[in-house]
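Each chain, written out:
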2 protein chains.
Amino acid sequence: MNADIRRERENASFKTEVLTHILDGGPEKTKRRREIENLVINDPGFQHEDLNFLSRSERYDAAVKKSAWMILKLREYGISDPEEIFFYKSFVHRGRPEPLDLHLGMFLPTLLNQATPEQQDAFFMPAWNLKIIGTYAQTEMGHGTHIRGLETTATYDPSTQEFVLNSPTVTSIKWWPGGLGKTSNHAVVLAQLYTQGNCHGLHAFIVPIRCMTTHKPLPGVVVGDIGPKFGFDEVDNGFLKLENVRIPRENMLMKYAKVEPDGTYKKPPSDKLTYSTMVFIRSMIVGESARSLSKACMIAIRYSAVRHQSELRAGEPEPQILDYQTQQYKLFPLLAAAYAFHFMGQYMIQMYHRISGDISQGDFSEMSELHALSAGLKAFTTWVATEGIEVCRMACGGHGYSRCSRLPDIYVTFAPTCTYEGENTVMMLQTARYLVKSYSQASAGQKLSGMVSYLNESQQHHLQAQPVTARSTVVNINDLTSLVEAYKLRAAKLVELAAKNLQHELQLKASKEDAWNNTSIELVRASDAHCHYVVVKTFAAKLTEVHDAAVHLALSTLALLYALHGMTENSGDFLQAGLLTVPQLSQVSQRVKELLSQVRPNAVALVDAFDYRDEILDSALGRYDGNVYESMFEWAQKSPLNQTEVHESYHKYLKPLQSKL
Amino acid sequence: MNADIRRERENASFKTEVLTHILDGGPEKTKRRREIENLVINDPGFQHEDLNFLSRSERYDAAVKKSAWMILKLREYGISDPEEIFFYKSFVHRGRPEPLDLHLGMFLPTLLNQATPEQQDAFFMPAWNLKIIGTYAQTEMGHGTHIRGLETTATYDPSTQEFVLNSPTVTSIKWWPGGLGKTSNHAVVLAQLYTQGNCHGLHAFIVPIRCMTTHKPLPGVVVGDIGPKFGFDEVDNGFLKLENVRIPRENMLMKYAKVEPDGTYKKPPSDKLTYSTMVFIRSMIVGESARSLSKACMIAIRYSAVRHQSELRAGEPEPQILDYQTQQYKLFPLLAAAYAFHFMGQYMIQMYHRISGDISQGDFSEMSELHALSAGLKAFTTWVATEGIEVCRMACGGHGYSRCSRLPDIYVTFAPTCTYEGENTVMMLQTARYLVKSYSQASAGQKLSGMVSYLNESQQHHLQAQPVTARSTVVNINDLTSLVEAYKLRAAKLVELAAKNLQHELQLKASKEDAWNNTSIELVRASDAHCHYVVVKTFAAKLTEVHDAAVHLALSTLALLYALHGMTENSGDFLQAGLLTVPQLSQVSQRVKELLSQVRPNAVALVDAFDYRDEILDSALGRYDGNVYESMFEWAQKSPLNQTEVHESYHKYLKPLQSKL
């Protein structure tokens, strides 16, 4: 092992294993996760050449191979707990998406949730046994987050008791669904239902798209891969154009809405019933933000402990780059964010399960809060993590640009979370709608509960813009509780600002929609502040559950850093709201620097605690043993361009050129 | 043409062509640029398959083919002006780097600048005619920006009058040079010179690395490609390990430093002589920031004019997404930054040529300012542009993630500017060193000139932290001159803050280096503010040269937006320095929104003016005619995964799996 990184581990003030247990949710969870990890890593069925050296078609091929093997092994081991399946899958594919993702994650669950018992009999077992391989075809070329705009039509023909599916325009071609291009032989297609001359809006239909024997596209089906992307090389995101494709009436998913044989339409009892998958996925993405950012931090921080560069003191050896304050300033707040998002992700999943339980008992009271929180936090955490991964990459200097660092791959795999499952700005505005509504309710004297309860208080105090000097400052920058309070007041202030701006616009103009649009910058800002408050509060609350004194101290330092660094990043807000004074802001900057040096000796241990094994992290820079340069050199030799001593282009172009000049 | 985008062009308030001439530097320049563009676009020798569909080896092959053809054509047309060669090259490769970049941009110039007349005779013509293909091998695996740390050795052996070159450690292996892996048969190698038992620091040596007949690596030379990267697929960035490689004494570049036959070392007259290429490249990168960001803006803004999504008013058709305030807020400040950086880039090149002239006359007085400015602005503009390109990509929703948008490619091609030619944080600290030194000089009563002359004033006024309410505010937020003044005072304030922090640390601690490191966050912040000021000032100055009233108005709106948006982004600084009051800050936010709606009708014309032809922009989303969806669909059909109806992985893995379940 590299001597620098060994010394870092020896100098840590806490036991890494204790923190790993906290991150996993208990020692038994850690144990089980590692068992699953070992099953995958020791399985020769999952070995393959380095994906970086393969063409896209070969990468897709390797992924299908592994996914097929994975299905067999999961059945063999009897692994059926969703969390365990999730671990198994992400170990197999090293956190990358794979061609069967939508079959497992959307097609099967949709059947379970929206098919009638007869439909379950007809479709579920064939799908479970991969006779039917399905995907979920919602997004169209011209229509994304706003799904009401989808154009695909399903017109009922009572004479044959069939639906006729069509893509009437170029913009209506289904575009993006994973596994649609080459893998799936069925798709759940979202389409506008027409029957008896009326449109009844979007409904879901099971559409066979490829022959179950030959796998060739069926008549009327134009299907294929949408071409290479920034990442997702293993996935055949596809297009689907339907030309008078007929399916039996029984292929409309009819657990809720129905079309009778004669074409009579029966409405679903509620339109909130398909809501819950979306909320679940967004909540999961919060945890994914933590995972991706923590991987990037692990790579950058371990590398920064190994890398020596420049000089701090003339004549002395080059220092570890982790000793540079600017390097710490880049990486440690991101490390703190990774922890904050991890605990936030755990909270969201717990909240989801609790509220799902309530909903199944008929209690919808917390549904809106969950919806608003999952939308906003999905946007808040993915934006921070996406930018943060790139900061980590660039903090590795040039070597971060090499595929052997794994950082480009982590980035392109994670980045689409900002635009899929609801585009982030749209998500922030959905959260804002809830905040503004809550603000109005509080103004009207209604007592709010949950994460927005602070809006009650703001009504009591009638928060107003005050000159900084006029208010008595209460923020204690060394006390996390006081900082949570400051974040809360900032959120209250910005929600109020947005709500008042909206009212002001409404007074000036006729249209509610224009007023909303003209306030949208403030609305996004309010949602952002609300989410920031929730994350700081959740991090602080988590600390009360940590009993190991050394770990508690290390995490408290990170929590303080997270909160205070966020204040310097948003100092205008805190000054503007009169929550900080100018001299206090200087103290905050100073305190951030002290915290950086407190995190420094524990930095490697804090990333070790994430416990990603080398086989999973797959980074020459982030190796546990710190043998970075040997590993890079070994990797480079395997580059396809090194398979021959002289590249053929020399003989084809350069040699002939020499004779012409 | 798409009706929306036609309407946008009809509604513009100015003539696009007039603005294009301003960007090019005059109508003749536009004409000549377009002539060159036509030469490239109409040349069948430059046609090739879409690079997105090729393997890396095929992409390298295609690039070598085009580069070889390019050399022939440049000779044929007699194009020799560096700016024209630059245009020709970037049209041929669509802005992507290529395998001969270092031969043309570093190897030949190094011979011209550092070789003796005898060496020129021996090496220049063979290199000009590509018998010798060279690269510039500086960076090592363990050593980047801090070049004094390089480990490669060149030891003089007087018995044979040769240098013996060695890579003594893994970290000393040359790593990253473009064209080194497969293309070059020679390299200029930077190595520590040892003669007569003493080390004389870094010197440059011409080292043959491949046989000029067979192109095979020479004995003792281990050379190859460093493997796939985030981008730069066309370039064979390489590694080079030297094992007792002997070269004649005459292969040391000896225009300045010399080693006599007996091994006697003669020092160069000055160590600043190799300085100028570095400064030139950094100045060029400022312009490259503008080019890359403006391409991204062109794609995102045109697409936002064509894309319809969601609803502003119930029942009405989906609006163009460019009508959403949040979309304008993402894109228009970046558009303004692209213009600002374009003018900044023009200024830097002019400044470079002016000061180079002075230097050749023996006047070094402005050299430090140029060096500091080029370092800081390189960092400032590349950071903003890198982030901005991704904002543009995500503003295109999911489709920005497709390679057909070109945005992923623009990002990965541009992103390394943040870490190469001097890592950005190191660059900011170099600028800070100049600023702090200037501050000390001003404090000591010395009169400063140039961009730092404001530090004279700050000494007169003794700027100090003042409570906001106590100062009489002078900033007029509608007046660009007043805003330039505010940026100037912010910079002065932050330079002062950094300088005082440094003094404070020095009082506390013994070591100068620790004090510097402990102030580095403030130092970077000061450099950032200085650069921001210079960019705002340069944009404002440029307006005085614009005589067309309509164009002047459009550009003034952008300049105001650039300045005011920067204030909202850094509101904490302006509040902290007492340059803005809280109510003024609200006015700034309000004014930014007004400016967004003023830019809106000209947005498409403002990107059209950049005048990138479809063939060069190569983006389905950014097409001039706005036929986005048809173009995407056509492109996707050509994806390699669509070459067969059924991918072989189906027969290999999925079909067999079905029978096992």
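Residues numbered from 1 in each chain as written. Chains lettered and ligands numbered in written order. Predicted model: local features only at pLDDT ≥ 70, side-chain atom pairs only at ≥ 80, totals over all residues. Heavy atoms only, no water.

Q: Which parts of the structure should I look at to understand the overall build of chain A?
A: Looking only at helices and strands, chain A has 23 helices and 11 strands in total. For 661 residues, the compact-globule estimate of 2.2 N^0.38 gives 26 Å, and chain A sits close to it at 27 Å. Judged by the C-alpha coordinates and their principal axes, chain A covers about 85 × 80 × 65 Å. Within chain A, buried positions represent 62% of all 661 residues. Nonlocal contacts in chain A, meaning residues at least 24 apart in sequence, comprise 73% of its contacts between residues at least 6 apart. (Helix = DSSP H or I, 4+ residues; strand = E, 2+ residues; numbered from the N terminus. Rg over C-alpha atoms; globule rule 2.2 N^0.38 Å. Buried < 20%, exposed > 50% of the residue type's maximum accessible area, 1.4 Å probe, protein only. Contact = heavy atoms within 4.5 Å.)

Q: I tried to follow the environment of Tyr434 of chain B on my own but got confused; where do I start?
A: Residues and elements named next belong to chain B. Note that Tyr434 resides in helix H12 (residues 424-443). Spatially, the C-alpha atoms of Tyr434 and Ala603 are 39 Å apart, while their sequence positions differ by 169 residues. Setting aside chain neighbours within four positions, we find Tyr434 in contact with Ser368, Glu369, Ala372 and Val452.

Q: How should I be thinking about the nonpolar core in this particular structure?
A: In globular proteins that are soluble, nonpolar side chains generally tend to be buried together. With 306 residues, the main nonpolar core has Tyr339 of chain A together with Tyr339 of chain B as its most contacted residues. Setting aside chain neighbours within four positions, we find Tyr339 of chain B in contact with Leu19, Leu23, Phe539, Leu555, Leu558, Leu606, Ala609 and Phe610 of chain B. (Core = buried A, V, L, I, M, F, W, Y, C linked by side-chain atoms within 4.5 Å.)

Q: Looking at this structure, I do not really get the packing of aromatic side chains. What am I missing?
A: The description of an aromatic ring pair rests on the distance of the ring centres and on the angle between the ring planes. Per the counting criterion, the structure on display carries 50 aromatic pairs over all chains. Between Phe343 of chain A and Phe539 of chain A the ring centres are 5.6 Å apart and the planes differ by 55°, which places this aromatic pair in the tilted class. Taken together, the residues span a long stretch of sequence, with Phe343 of chain A in helix H9 (residues 325-360) and Phe539 of chain A in helix H16 (residues 520-543) at a distance of 196 residues. Since its relative accessible area comes to 1%, Phe539 of chain A is described here as buried. By way of ring pairs, the aromatic residues Trp176, Phe230, Phe232, Tyr401 and Tyr411 of chain A together with Trp176, Phe230, Phe232, Tyr401 and Tyr411 of chain B are connected into one cluster. Above the ring of Tyr612 of chain A, the side-chain terminus of Lys295 of chain A is found at 5.5 Å from the ring centroid. (Phe/Tyr/Trp six-rings, centres within 6.5 Å; stacked < 30°, edge-to-face > 60°. Lys NZ or Arg CZ within 6 Å of the ring centre and 35° of its normal.)

Q: What exactly am I supposed to notice about the interface of chain B and chain A here?
A: Interface size is commonly expressed as the accessible area that is lost once the parts come together. The interface is formed by 135 residues belonging to chain B together with 135 residues belonging to chain A. Carbon and sulfur atoms make up 61% of the area that chain B and chain A hide from each other, which totals about 11700 Å². At the junction of chain B and chain A, the tally comes to six salt bridges. In this structure, Glu522 of chain A and Lys593 of chain B form a salt bridge, with 3.0 Å as the shortest nitrogen-oxygen distance. Here chain B is connected to chain A by 57 residue pairs in polar contact (both at pLDDT 80 or more). Among the residues making up the side of chain B that touches chain A, the classes are represented as 52 nonpolar, 48 polar and 35 charged. (Buried area = accessible area lost by both parts, 1.4 Å probe. Salt bridge = Lys/Arg side-chain N within 4 Å of Asp/Glu carboxyl O. Polar contact = N/O pair within 3.5 Å; in protein donor to acceptor, adjacent residues only side chain to side chain. Nonpolar A, V, L, I, M, F, W, Y, C, P; charged D, E, K, R; others polar.)

Q: Help me understand the pattern of salt bridges in this model?
A: Opposite charge on two side chains allows them to pair when their charged atoms are near. Residue and element names in this part refer to chain B. Under the counting rule described, the total for this entry stands at 88 salt bridges over all chains. Across the salt bridge formed by Glu84 and Arg32, the nearest N and O atoms sit 2.8 Å from each other. Linking Glu84 in helix H5 (residues 82-92) with Arg32 in helix H3 (residues 27-41), this pair joins segments that are 52 residues apart in sequence. Overall, Glu84 belongs to the buried group, its relative accessible area being 19%. The class for Arg32 is partly exposed, based on a relative accessible area of 28%.

Q: Is there a simple way to think about the sheet that holds strand E8 (residues 238-242) of chain A in this case?
A: Backbone hydrogen bonds hold the strands of a sheet together, and the pairing may be parallel or antiparallel. All names here are of chain A. With respect to topology, three strands assemble into an open sheet ordered E4-E8-E7, the strand pairing being antiparallel. The open sheet has two edge strands with one neighbour each: strand E4 (174-175) and strand E7 (221-225). Summarising the sheet, E4 and E8 pair through two bridges and their orientation is antiparallel. Along E8, the bridge assignment pairs Trp175 with Phe239. (Pairing = 2+ DSSP bridges.)

Q: I'm lost on unusual backbone geometry in this one. Help?
A: Glycine aside, residues mostly have negative phi, and peptide bonds are mostly found in the trans state. Phi is positive for Arg406 of chain A, close to 75°, though the residue is something other than glycine. Note on Arg406 of chain A: relative accessible area 4%, which makes it buried. Non-glycine residue Asp618 of chain B carries a positive phi angle of around 60°. Checked against the element boundaries, Asp618 of chain B lands in the loop between helix H21 (614-617) and helix H22 (628-637).

Q: What am I meant to see in empty space enclosed by the protein here?
A: Empty space among the atoms becomes visible once a probe the size of a water molecule is rolled across them. Residues and elements named next belong to chain A. Tallied over the entire structure, the rule returns eight cavities of 30 Å³ or more. Surrounding the largest cavity, Arg94, Gly95, Glu288, Arg291, Ser292, Lys295, Arg406, Asp409, Ile410, Thr413 and Phe414 form its lining. Looking at the lining of the largest cavity residue by residue, the class counts come to two nonpolar, three polar and six charged. (1 Å grid on protein atoms, 1.4 Å probe; cavity = no way out; pocket = protein on both sides within 12 Å on 5 of 7 lines; lining within 4 Å. Points joined across faces, edges and corners; volume = space filled by probe spheres on them.)

Q: Help me out: how do you make sense of the sheet that holds strand E8 (residues 238-242) of chain B in this one?
A: Taken together, the three strands give an open sheet; going across it, the order is E4-E8-E7 (chain B), and neighbouring strands pair in antiparallel fashion. Looking at strand neighbours, the two that pair on one side only are strand E4 (174-175) and strand E7 (221-225) of chain B, the edges of this open sheet.

Q: What's the story with the relation of the copies chain B and chain A in this structure? I'm lost.
A: Superposition of the two copies of the chain requires a rotation about an axis and a shift along the axis. Least-squares fitting of chain B to chain A yields an RMSD of 0.0 Å, with the superposition described by an axial translation of 0.0 Å and a rotation of 180°. On the angle and the small slide along the axis, the relation comes out as a two-fold axis. Residues of chain B ranked by C-alpha distance from the rotation axis are headed by Gly572 of chain B, positioned 1.9 Å from it. (Least-squares fit on C-alpha atoms with pLDDT ≥ 70 in both.)

Q: What exactly am I supposed to notice about the pairing of strand E9 (residues 245-248) of chain A here?
A: Consecutive side chains along a regular strand alternate between the two faces of the sheet. Residue and element names in this part refer to chain A. The two faces of E9 differ: Val245 and Ile247 on one face are buried, but Arg246 and Pro248 on the other face are not. Sheet topology places strand E3 (residues 162-166) next to E9; four bridges connect them, and they run antiparallel. When the bridges of E9 are listed, Leu165 appears paired with Val245.

Q: It is not clear to me how the packing of helix H8 (residues 275-306) of chain B against helix H9 (residues 325-360) of chain B should be interpreted in this structure. Could you clarify?
A: When two helices pack together, their arrangement is given by the angle between the helix axes and the distance between those axes. All names here are of chain B. Direction vectors running N to C along H8 and H9 enclose 155°, while the axes themselves pass 8 Å from each other. Comparing their axes, H9 and H8 come out roughly antiparallel. Crossing handedness for the pair H8 and H9: left-handed. A breakdown of the residues in the contact of H8 with H9 according to their chemical character gives 20 nonpolar, nine polar and no charged. (Axes fitted to C-alpha atoms, helices over the stretch in contact; angles between N-to-C directions. Parallel < 35°, antiparallel > 145°, perpendicular 65-115°, else oblique. Left-handed = near helix turned anticlockwise from the far one by under 90°.)

Q: Help me understand the environment of Tyr487 of chain A, please; the structure alone is not making it clear to me.
A: All names here are of chain A. Positionally, Tyr487 belongs in helix H14 (residues 480-508). A relative accessible area of 0% places Tyr487 in the buried class. Through-space distance from the C-alpha of Tyr487 to that of Tyr629 is 44 Å; in sequence the pair is 142 residues apart. Sequence-distant contacts of Tyr487, that is, excluding residues within four places in its chain, are made with His532, Tyr533, Val536, Tyr562, Ala563, Gly566, Met567 and Phe574. Engagement of the side chain of Tyr487 in a polar contact is seen with the backbone nitrogen of Met567, the distance being 3.2 Å.

Q: Looking at this structure, how should I read the packing of helix H10 (residues 367-395) of chain A against helix H12 (residues 424-443) of chain A?
A: Residues and elements named next belong to chain A. Contact pair H10 / H12: the axes reach a minimum separation of 8 Å and the direction vectors enclose 145°. In this structure, H10 meets H12 at a crossing whose hand is left-handed. Of H12, the residues touching H10 (which contributes Ser368, Glu369, His371, Ala372, Ala375, Gly376, Lys378, Ala379, Phe380, Thr382 and Trp383) are Asn424, Thr425, Met427, Met428, Gln430, Thr431 and Tyr434. Here the residues of the contact of H10 with H12 are counted per class, giving eight nonpolar, eight polar and two charged.

Q: Help me understand the confidence of the model for chain A in this model?
A: Should the pLDDT be low somewhere, the predicted coordinates at that spot are not to be read in detail. All names here are of chain A. When the pLDDT values of chain A are averaged, the result is 94; 97% of them are 70 or greater. Long-range and interchain partners of residues 463-472, a stretch whose pLDDT sits below 50, account for 17 contacts in this model, where long-range means more than four residues apart. The ipTM value of the predicted complex is 0.97, and its pTM value is 0.97. (pLDDT = per-residue confidence, 0-100.)

Q: Would you explain the pairing of E8 of chain B in this entry?
A: Residue and element names in this part refer to chain B. Summarising burial for E8: four of the five residues are buried, a large majority. The pairing of E7 with E8 spans five bridges and is classified as antiparallel. Across the sheet, residue Val221 finds its bridge partner in E8, namely Leu242.

Q: Explain the state of the cysteines to me, please; I cannot follow it from the model alone.
A: Note on terminology: a disulfide is the covalent bond linking the sulfur atoms of two cysteines. Under the definition given, this model contains zero disulfides over all chains. Of the cysteine sulfurs around Cys297 of chain B, a residue in no disulfide, the closest is that of Cys392 of chain B, at 4.1 Å. (Disulfide = S-S within 2.5 Å.)

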